[in-house]
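The chain contents come next:
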Amino acid sequence: MYNIPLLALVCGFLFSIYRFIVYPTFLSPLARIPNSHFTASFSPLWILWKRYRGAENKAIHDAHVKYGPIVRVGPNDIDVNCVEGGIKTIASFEKPNWYPNAFMNFGVTNMFSMTGSKQHSIRKRIISNIYSKSYLQSSDELHRIANIIIYTRYLPVLDSLAKARTSVDVHELNFAVTMDNITAYIFGLCNGSNFIQDIKARKHFLQDYHCRRPYQFYGQELPGLTKMLSRIGIRLVPKWSDEATQRVENFCLQMCNAARASIESNTTPSSENTPTVYKHLYHSLSPKSDQPPSSASPDSNLLIASEIFDHIAAGHETSGVALTYAIYSLSQHPTLQASLRAELLTLSPPIIYSPSSQTQTSLPSPRSIDTLPLLHAILMETLRLYAPIPGPQPRITPHTPASLANSLPLPPNIRVSAQAYSLHRNPTVFPSPENWDPSRWTSASKPELEEMNRWFWAFGSGGRMCVGSKFAMQEMKLLLATIYSGYRTSLVDASGIAMKDTYTSGPEGGRLIVRFEYASESAKS
Ligand code: HEM
Ligand SMILES: *[C@@H]1O[C@H](CO)[C@@H](O)[C@H](O)[C@H]1NC(C)=O
Ligand SMILES: *[C@@H]1O[C@H](CO)[C@@H](O)[C@H](O)[C@H]1NC(C)=O
């Protein structure tokens, strides 16, 4: 007598073995891709554990070093580390839900977290204009804002630090100045933040902003489980983390409301108080008055706020982190600081603080700062070795089968990522990749430089490349120029400076303590 239930059980068991182990490991088009870990072909647990522990970037990098430019990190999850058949091919792929799972604000998606290409390209066309290099360099608003921030807020702080020879957490100061600049551009100077001077408001915001990070993992990598558990009353993300999110969203919303009130009041603000970004989005994203408001689309105020929250978040954090590592690196190279200073003193006018002439002084043109070769090399080398977004940027394979790095054509819906951390450590393109060496950018031949730029991925590439890259470069250059024109920096306490192994990174210790000194006797005010 056959035991039917037993037979069914055995068949089911054998089928599962086939479906979940034999097929993915031996027969799937992904089977020929080397495994980062022997379980990777049939189980996502290994990579999930690395992600949970904050060890993913390094684990993927080690796999590339061992197995080459394409590795399998999970059953439907691969990582590429090359230009041809790598970042060039995935540049046109769509984003997976990994983005909206973690980067929606106010419950509404934005350009960064949108998945579909069509919707995204409409939004990108609207936004890229106001962040293009030509727009930024010729913006009277930004020039006024920079003058006021540099001469009335930032330099007085640097000067008092140099005068007193006290040490300071420059990481926090970097976040303050990048936040003041991006919010001034978005909302107008008087409706933006004043974190350089308002230390209490700055600390509150940064505390709220950063404390939520450890909990991002759940919603992003295990969205189903997180939702299911929350339905039965188990929170993986603590309540205080959600409350912190609400406070940082409110911080953004209040500035949005002030900017909207200023637009709707129909008065013309002075140049530096023009809410350039807000105004642009207000006119492009608000429902047209001849169209009836649709109940299906989100409130346009929240739509704009969600977009803007992202510019604030991406805009202050990444640039602040890069500045911290530039200062960290320069502080260990006093002679390079001297060479940089010599280059900076060729600017006209030079950026030198004098308390008496605050109001008349003006800054050198953005273009003249942009073309300084040593300053450029220092920043590029910092973004290479200390990419503020070093971690994997996931995409999904499209419906038409795509081949990557000589793989078989891959089926749709495979998660494929690349990471700046590994692209920037290719020793044939960047010899001795762990060395911070700006001269590699100034001494390279033309073909070498082209190759370095092809592998440089701090801002990503393709359709989803950073929209704020020009804004960030110009800002970071001005701020480094401001510091090193008049001051020298040295390390006081760099413990915890090692970078976190995360998607958006920064110093593990969340700080960098340095000392500012006058670069020369004559620079003393
Ligand atoms: C050093 C500074 C910065 C770095 C290193 C950086 C890096 C990046 C990277 C790597 C991406 C692609 C991420 C992905 O696809 O997973 C990105 C996208 C983006 N960044 Fe930045 N970013 C910086 C500054 C800024 C600034 C100042 C803004 C302000 C507007 C900004 C706004 C955005 C937006 C809106 C996107 C999404 C673009 C899209 O999906 O089309 N970023 N950034
Ligand atoms: C916002 O800016 C306008 C000038 O453009 C100013 O009149 C108004 O007081 C500001 N609002 C807040 C809340 O600071
Ligand atoms: C703010 O950013 C703009 C755009 O990149 C730049 O031109 C300006 O110099 C920056 N200002 C400050 C104070 O960083």
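Residues numbered from 1 in each chain as written. Chains lettered and ligands numbered in written order. Predicted model: local features only at pLDDT ≥ 70, side-chain atom pairs only at ≥ 80, totals over all residues. Heavy atoms only, no water.

- An unreviewed UniProt entry lists the chain under the name Cytochrome P450, from Heterodermia speciosa.
- UniProt's Cofactor (unreviewed entry) comment on the chain is quoted here verbatim: "heme". (UniProt positions renumbered as here; feature names shortened; annotations may be inferred.)

### Topic: the site of ligand 1
So, step 1. Of all residues adjacent to ligand 1, which total 30 residues, the nearest are Tyr99, His120, Lys124, Cys466 and Tyr503.
So, step 2. At 2.6 Å from an oxygen atom of ligand 1 is found a side-chain nitrogen or oxygen belonging to His120.
So, step 3. In the model, an oxygen atom of ligand 1 is placed 3.0 Å from a nitrogen or oxygen of the Arg464 side chain.
So, step 4. Broken down by secondary-structure element, the contributors of at least two residues to the shell around ligand 1 are helix H6 (117-128), helix H15 (300-331), strand E4 (392-396) and helix H22 (469-486). (Near = heavy atom within 4 Å. Polar contact = N/O pair within 3.5 Å; in protein donor to acceptor, adjacent residues only side chain to side chain. Helix = DSSP H or I, 4+ residues; strand = E, 2+ residues; numbered from the N terminus.)

### Comments concerning the UniProt feature "binding site: heme" (unreviewed entry) in the chain
So, step 1. Following the UniProt record, the feature "binding site: heme" (unreviewed entry) maps to Cys466 here.
So, step 2. Along the chain, Cys466 turns up in the loop between helix H21 (446-455) and H22.
So, step 3. What makes Cys466 partly exposed here is its relative accessible area of 33%. (Buried < 20%, exposed > 50% of the residue type's maximum accessible area, 1.4 Å probe, protein only.)

### Focus: the packing of aromatic side chains
So, step 1. Summed over the entire model, instances satisfying the criterion amount to 29 aromatic pairs.
So, step 2. Both rings, one in Phe217 and one in Tyr218, keep their centres 5.4 Å apart while their planes meet at 80°; by these two values the pair is edge-to-face. The pair formed by Phe217 and Tyr218 is uniform in burial state, with each residue classed as buried.
So, step 3. Among the aromatic residues, those joined into a cluster by ring pairs are Trp98, Tyr99, Phe103, Phe112 and Tyr503.
So, step 4. If you follow Arg384 out to its NZ or CZ, it ends over the ring of Phe430, 5.3 Å from the centre. (Phe/Tyr/Trp six-rings, centres within 6.5 Å; stacked < 30°, edge-to-face > 60°. Lys NZ or Arg CZ within 6 Å of the ring centre and 35° of its normal.)

### Some points on the pattern of salt bridges
So, step 1. Counted according to the given criterion, the structure contains 25 salt bridges.
So, step 2. As a salt-bridge pair, Asp77 and Arg51 come within 3.0 Å of each other at their nearest N and O atoms. Pair noted here: Asp77 is in strand E2 (residues 77-80) and Arg51 is in helix H2 (residues 45-53), with a separation of 26 residues, a long-range link. In terms of burial, Asp77 and Arg51 fall into one category: buried.
So, step 3. Between Glu221 and Arg51 there is a salt bridge, and its shortest N-O distance comes to 3.5 Å. Of this pair, Glu221 sits in helix H11 (residues 216-221) while Arg51 sits in helix H2, placing them 170 residues apart in sequence. (Salt bridge = Lys/Arg side-chain N within 4 Å of Asp/Glu carboxyl O.)

### Some remarks on the packing of helix H9 (residues 170-187) against helix H14 (residues 276-285)
So, step 1. Across the interface, H9 lies against H14 with an axial gap of 3 Å and an inter-helix angle of 40°. Considering the angle they form, H9 stands oblique to H14. Together, Tyr185, Ile186 and Phe187 of H9 and Thr276, Val277 and Tyr278 of H14 make up the contact between the two elements.
So, step 2. Along the lines of polarity and charge, the residues of the contact of H9 with H14 split into five nonpolar, one polar and no charged. (Axes fitted to C-alpha atoms, helices over the stretch in contact; angles between N-to-C directions. Parallel < 35°, antiparallel > 145°, perpendicular 65-115°, else oblique. Contact = heavy atoms within 4.5 Å. Nonpolar A, V, L, I, M, F, W, Y, C, P; charged D, E, K, R; others polar.)

### Details of the site of ligand 3
So, step 1. Lining the immediate environment of ligand 3, one finds Leu142, Ala146, Ile149, Ile150, Asn181, Phe471, Gln474, Glu475, Leu478 and Leu479.
So, step 2. Asn181 places a side-chain nitrogen or oxygen 2.4 Å from an oxygen atom of ligand 3.
So, step 3. Residue Phe471 places a main-chain N or O atom 2.7 Å away from an oxygen atom belonging to ligand 3.
So, step 4. Protein chains shield 96% of the accessible area of ligand 3, which is 360 Å² for the free molecule.
So, step 5. Looking at the shell around ligand 3, the elements with two or more residues in it are helix H8 (140-164) and H22.
So, step 6. Residues of the shell around ligand 3, tallied by class, amount to seven nonpolar, two polar and one charged. (Areas by Shrake-Rupley, 256 points an atom, 1.4 Å probe, with all protein chains shown as cover.)

### Thoughts on the pairing of E4
So, step 1. Within E4, five of the five residues are buried, which leaves it mostly tucked inside the rest of the structure.
So, step 2. Pairing between E4 and strand E5 (residues 415-419): five bridges, direction antiparallel. Across the sheet, Gln393 pairs through a bridge with Ala418, a residue of E5. (Pairing = 2+ DSSP bridges.)

### Overview of H22
So, step 1. Taking 1.5 Å per residue, 18 residues should reach 26 Å; H22 reaches 26 Å between its end C-alpha atoms and fits that length.
So, step 2. Along H22, 17 of the 18 residues are buried, which leaves the element largely enclosed by surrounding structure. (Expected span 1.5 Å × (residues − 1).)

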